[in-house]
Amino acid sequence: MKWAAVLLIAVFVVTIPTSAWANGRFRGKVEIEGVVISTAPGARFVVIRDQKGRTWVVPVDLVTEIEFEDDDDDERFAHATTHELQVGDEVEIKGLITADGRILALKIEVERERPKFRRPVGIFIRGVIIVVGDGLLTVVTQNGTITVVVHANTRILEGDRRISLRSLGRHDIVVARGNWSGTRLSADEVKVEFDATDGVTLNGLVGAIWARGEAFMIGGTWINVTSRTLIIRDGSPATLGAIRPGGRVAVYGLGNGAAMQALVILIR
């Protein structure tokens, strides 16, 4: 395990990622290996004790990917959340650390198989809304573009609150559950994962691209990309490799100033 030099000083972190993103420049990437000593259903943080006995309170947000040993990125299953973590889990946390010592968790790798709890029946898709129509949503997933049928019995949720179809907007990220009806998904439930109007939007030309990928610059802002970031070009899914220096993009995500976490990237 390669420990970043910054980990020589124990840090007690209590700030959630959305505020931490606004705090300025990063010292660099950081990795923590340890054991979960506290978590709670619906919590936006997890408490870790590392191999040197130090305690870390690590925020978890929309941008954080939680991966178990048996995960295979199957879109039929919903994204793992903190309620699936258990005290005693051995984890490795990969993220960024800000100049003021706060950690932004990008990925939590759990060294066990995912809990075998009962899932709602149906097919899951996760994607970006690009069209809201009369009873229909056009959603771009990482595997293709799907028409989602919203009917009278479809539950549309933002958090635990029910909302109407007209409350959904372009560039919102949603998780839809339902069953196939021909080439369309007939939705039993549509849940908002990210409301684009609640985040930050940045338009501009791509400057430097980090040689190892995963980040690029617009003006003076570094844009961080994870496996949860959805990239769209011409209404279809695209990859990070499609982003080129000098190209124009629009980014929707969290944070401002020197760094931003991308949730949706539109290649113009």
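Throughout what follows, the structure given in this document is the object of discussion. Predicted, not measured: the structure shown is a model, and the values here were computed from it.

Describing a negative patch on the surface
Moving on, step 1. Judged by side-chain charge, Glu69, Glu90, Glu111 and Glu113 come together as a negatively charged surface patch.
Moving on, step 2. Here Glu111 shows up in the loop between strand E6 (103–110) and strand E7 (123–132).

Observations concerning the environment of Ala215
Moving on, step 1. Positionally, Ala215 belongs in strand E14 (residues 215–218).
Moving on, step 2. Setting aside its immediate chain neighbours within four residues, Ala215 contacts Ile209, Trp210, Trp222, Ile223 and Asn224.

Focus on the pattern of salt bridges
Between side chains of opposite charge, a pair can form as their charged atoms come close.
Moving on, step 1. Counted under the stated rule, the structure contains 10 salt bridges.
Moving on, step 2. Linking Arg177 and Asp188 is a salt bridge whose minimum nitrogen-to-oxygen distance equals 4.0 Å. Of this pair, Arg177 sits in strand E11 (residues 173–181) while Asp188 is found in strand E12 (residues 184–194), placing the two residues 11 residues apart along the sequence.
Moving on, step 3. Two residues, Arg228 and Glu193, come together in a salt bridge whose shortest N-O distance is 3.1 Å. Of this pair, Arg228 sits in the loop between strand E15 (221–224) and strand E16 (230–233) while Glu193 sits in strand E12, and the two are 35 residues apart along the sequence. Each member of the pair, Arg228 as well as Glu193, carries the same accessibility label: buried.
Moving on, step 4. A cluster of three or more residues bridged by salt bridges with shared partners is formed by Glu67, Lys94, Lys107 and Glu109.

A few points about unusual backbone geometry
Moving on, step 1. Of note in the backbone geometry, His171 takes a positive phi value of approximately 75° without being a glycine.
Moving on, step 2. Taking relative accessible area as the criterion, His171 reaches 7% and is therefore assigned buried.
Moving on, step 3. Although it is not a glycine, Asp234 sits at a positive phi angle of roughly 55°.
Moving on, step 4. Turning to its location among the elements, Asp234 is positioned in the loop between E16 and strand E17 (236–237).

Cut-off values and rules
- Residues numbered from 1 in each chain as written.
- Predicted model: local features only at pLDDT ≥ 70, side-chain atom pairs only at ≥ 80, totals over all residues.
- Heavy atoms only, no water.
- Patch = residues over 30% accessible without salt bridge, like charges linked within 9 Å, V, L, I, M, F, W, Y side chains within 5 Å.
- Areas by Shrake-Rupley, 256 points an atom, 1.4 Å probe, with all protein chains shown as cover.
- Salt bridge = Lys/Arg side-chain N within 4 Å of Asp/Glu carboxyl O.
- Lys, Arg positive; Asp, Glu negative; His and termini not counted.
- Charge placed at Lys NZ, Arg CZ, Asp CG, Glu CD.
- Helix = DSSP H or I, 4+ residues; strand = E, 2+ residues; numbered from the N terminus.
- Contact = heavy atoms within 4.5 Å.
- Buried < 20%, exposed > 50% of the residue type's maximum accessible area, 1.4 Å probe, protein only.

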